[in-house]
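Structure at a glance
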Amino acid sequence: MKKIKLSLGWQILVGLILGIILGIIFYKNATAITAMQSIGTIFIRLIQMIVIPIVISCLTVGIASIGDIHKLGRIGGKTILYFELMTTIAIILGLIIGNIFHPGDFINVHALHGTDVTQYLATAKSANHSGIWGTLIGLIPVNVFNSISSGDMMPIIVFSVLFGLGTSAIGEKGKVIIDLMESISQVMFKITGWIMKLSPIGVCALIGVTLAELGLSALAPLSYFVLLTYATMAIFVLLVMGAAARIFGFRIFDLLKVVKEEAILAFSTASSEAALPRNIDKMAKFGVSPSIVSFVIPTGYTFNLDGSAIYQSLAALFLAQAYGIHLSIGQQITLLITLMITSKGMAGVPGASFVVLLATLSTVNIPISGMTFIAGIDRFIDMARTAVNVIGNSLATIIIGKSENEFDTKKEKAYMAKLK
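So, a few notes on the structure that sits alongside this text.

Calculation notes
Residues numbered from 1 in each chain as written. Predicted model: local features only at pLDDT ≥ 70, side-chain atom pairs only at ≥ 80, totals over all residues. Heavy atoms only, no water. Helix = DSSP H or I, 4+ residues; strand = E, 2+ residues; numbered from the N terminus. Buried < 20%, exposed > 50% of the residue type's maximum accessible area, 1.4 Å probe, protein only. Contact = heavy atoms within 4.5 Å. Axes fitted to C-alpha atoms, helices over the stretch in contact; angles between N-to-C directions. Left-handed = near helix turned anticlockwise from the far one by under 90°. Nonpolar A, V, L, I, M, F, W, Y, C, P; charged D, E, K, R; others polar. Parallel < 35°, antiparallel > 145°, perpendicular 65-115°, else oblique. Phe/Tyr/Trp six-rings, centres within 6.5 Å; stacked < 30°, edge-to-face > 60°. Patch = residues over 30% accessible without salt bridge, like charges linked within 9 Å, V, L, I, M, F, W, Y side chains within 5 Å. Areas by Shrake-Rupley, 256 points an atom, 1.4 Å probe, with all protein chains shown as cover. Salt bridge = Lys/Arg side-chain N within 4 Å of Asp/Glu carboxyl O.

**Section: the side chain of asparagine 393**
Within the secondary structure, asparagine 393 is located in helix H18 (residues 378-403). The exposure class of asparagine 393 is buried, given its relative accessible area of 6%. Sequence-distant contacts of asparagine 393, defined by excluding residues within four places in its chain, comprise Ile297, Gly300, Tyr301 and Asn304.

**Looking at the packing of helix H3 (residues 69-101) against helix H13 (residues 290-303)**
As a packed pair, H3 and H13 sit with axes 11 Å apart at the nearest point and diverge in direction by 35°. You can see that H3 and H13 cross each other, and the crossing is right-handed. From H3, Leu72, Ile75, Gly76, Thr79, Ile80, Phe83 and Thr87 reach across to H13, where they touch Ile292, Phe295, Val296, Thr299, Gly300 and Phe303. The class makeup of the residues in the contact of H3 with H13 is eight nonpolar, five polar and no charged.

**Notes on the packing of helix H14 (residues 306-322) against H18**
As a packed pair, H14 and H18 sit with axes 6 Å apart at the nearest point and diverge in direction by 140°. Judged by the angle between their axes, H14 and H18 are oblique. Counted together, Asp306, Gly307, Ser308 and Tyr311 of H14 and Asp378, Ile381, Arg385, Val388, Asn389 and Gly392 of H18 form the full contact between these two elements. A class-by-class count of the residues in the contact of H14 with H18 yields three nonpolar, four polar and three charged.

**Describing unusual backbone geometry**
In this structure, lysine 28 is a non-glycine residue whose phi angle is positive, near 65°. With a phi angle near 55°, alanine 270 is a residue other than glycine that sits in the positive phi range. Accessibility expressed as a relative area gives 14% for alanine 270, which makes it buried.

**Observations concerning the packing of aromatic side chains**
Summed over all chains, the structure comprises six aromatic pairs. Ring plane angle 90° and centroid distance 6.4 Å describe the contact between tyrosine 230 and phenylalanine 267, whose orientation is recorded as edge-to-face. In this pair, tyrosine 230 is assigned in helix H9 (residues 223-247) and phenylalanine 267 in helix H11 (residues 260-269), connecting sequence segments 37 residues apart. When the centroid spacing of 5.8 Å and the interplanar angle of 90° are considered together, the rings of phenylalanine 286 and tyrosine 415 count as edge-to-face. Placement of phenylalanine 286 in helix H12 (residues 272-286) and of tyrosine 415 in helix H19 (residues 409-419) is noted, with a sequence separation of 129 residues between them. Of the two residues, phenylalanine 286 and tyrosine 415, both sit in the buried class.

**Observations concerning a nonpolar patch on the surface**
Taken together, Leu6, Trp10, Val14, Ile17, Leu18, Ile21, Ile25 and Phe26 make up a surface patch of nonpolar side chains, about 740 Å² in accessible area. Of note, isoleucine 25 is situated in helix H1 (residues 8-25). Given the relative accessible area of 55%, isoleucine 25 is considered exposed.

**Concerning the pattern of salt bridges**
As enumerated under the stated definition, the model contains 11 salt bridges in all. For the salt bridge of lysine 71 with glutamate 406, the shortest nitrogen-to-oxygen distance reads 2.5 Å. Of the two residues, lysine 71 is situated in helix H3 and glutamate 406 in the loop between H18 and H19; the sequence distance between them amounts to 335 residues. For glutamate 406, a relative accessible area of 17% corresponds to the buried category. For glutamate 261, the salt bridge is made with lysine 282, and the minimal N-O distance between the two is 3.9 Å. Of this pair, glutamate 261 sits in helix H11 while lysine 282 sits in helix H12, and the two are 21 residues apart along the sequence. For lysine 282, a relative accessible area of 8% puts it in the buried group. Among the charged side chains, a network of salt bridges with common partners joins Glu261, Glu262, Arg278 and Lys282.

As structure tokens, then:
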């Protein structure tokens, strides 16, 4: 009999389903939770192990190949402008949906069970005081090795960009560095392939431990809010991203076919890092210039968080409505501006979306205590927003590549032909 071979995407999906089943079976089982948590942590750590070397090596080679600092400035300007435009639209969409469907009106906030959020309060408080200058200063690494060890992505990106420009500036002498970095990136992508073979197991464990700890009952009181958030993110992907894709001559459904494995992986693990190495490799194979890919995707990893933006604006309105607080148009504009600024200042912060909300709610007089009630479902929403973030970064890479005439349509057609 012919052996049936499942693609990685299907394997991850099977892992997702098995994880749900195991989570339900072993609900509140301490031994099973410990085992699944440990397996999931091992998988995430394996991914984290290769992310920084891939970013540094690919970005250095990509920037060195651009060479021209004026071209780099143009690409950087386009990228940041695009990220800001899309995240602003995402925030506005969340506010519009919240105003139309009023998810907070269906909740008795006093009947909800709160969850401890003290771990996020100190981070949110310090972020509120850092301001725009603190954010800008934080981009410059005092010690790049310290940034690497802590996984602080933006200082790493800044250093890699300068290192790539310096490598290009010394001409022929820099070729040995480029060759070394290219070799490192190839080794890292080979290791990525090995680690991805474990992704169905990692996904199964991470989904299983989430459901085993929280249970499906955690979703019940806030199910309308969760479903509305998922629906809003789907609208953003299909309509907003779809319109952007159409403007630049391709279909959003084609992109979804290309990145479906990365989106499922991001959804299952609730980790953008899990999808980042393969996303960089896949976008280059899809036809985008490696120099564009190596710059846009790592930058988007911290700045282009469309799914997070939708959640933050929708959650803020949800809590205001639950507490019976009417937010005027002026207050909602204040909320919009605050989220635009705060979300950028939180780039790379653990639990960033949650911290952004904590740092933002007080500006429109929404009780911070409300965050304790949605903390329990944050993991379920984090899965969706992470998947949207990954799709959004893939879209941004193609759009910037096309705008710079650095997109190979022959590669695109060949890649799409393989998927049929």
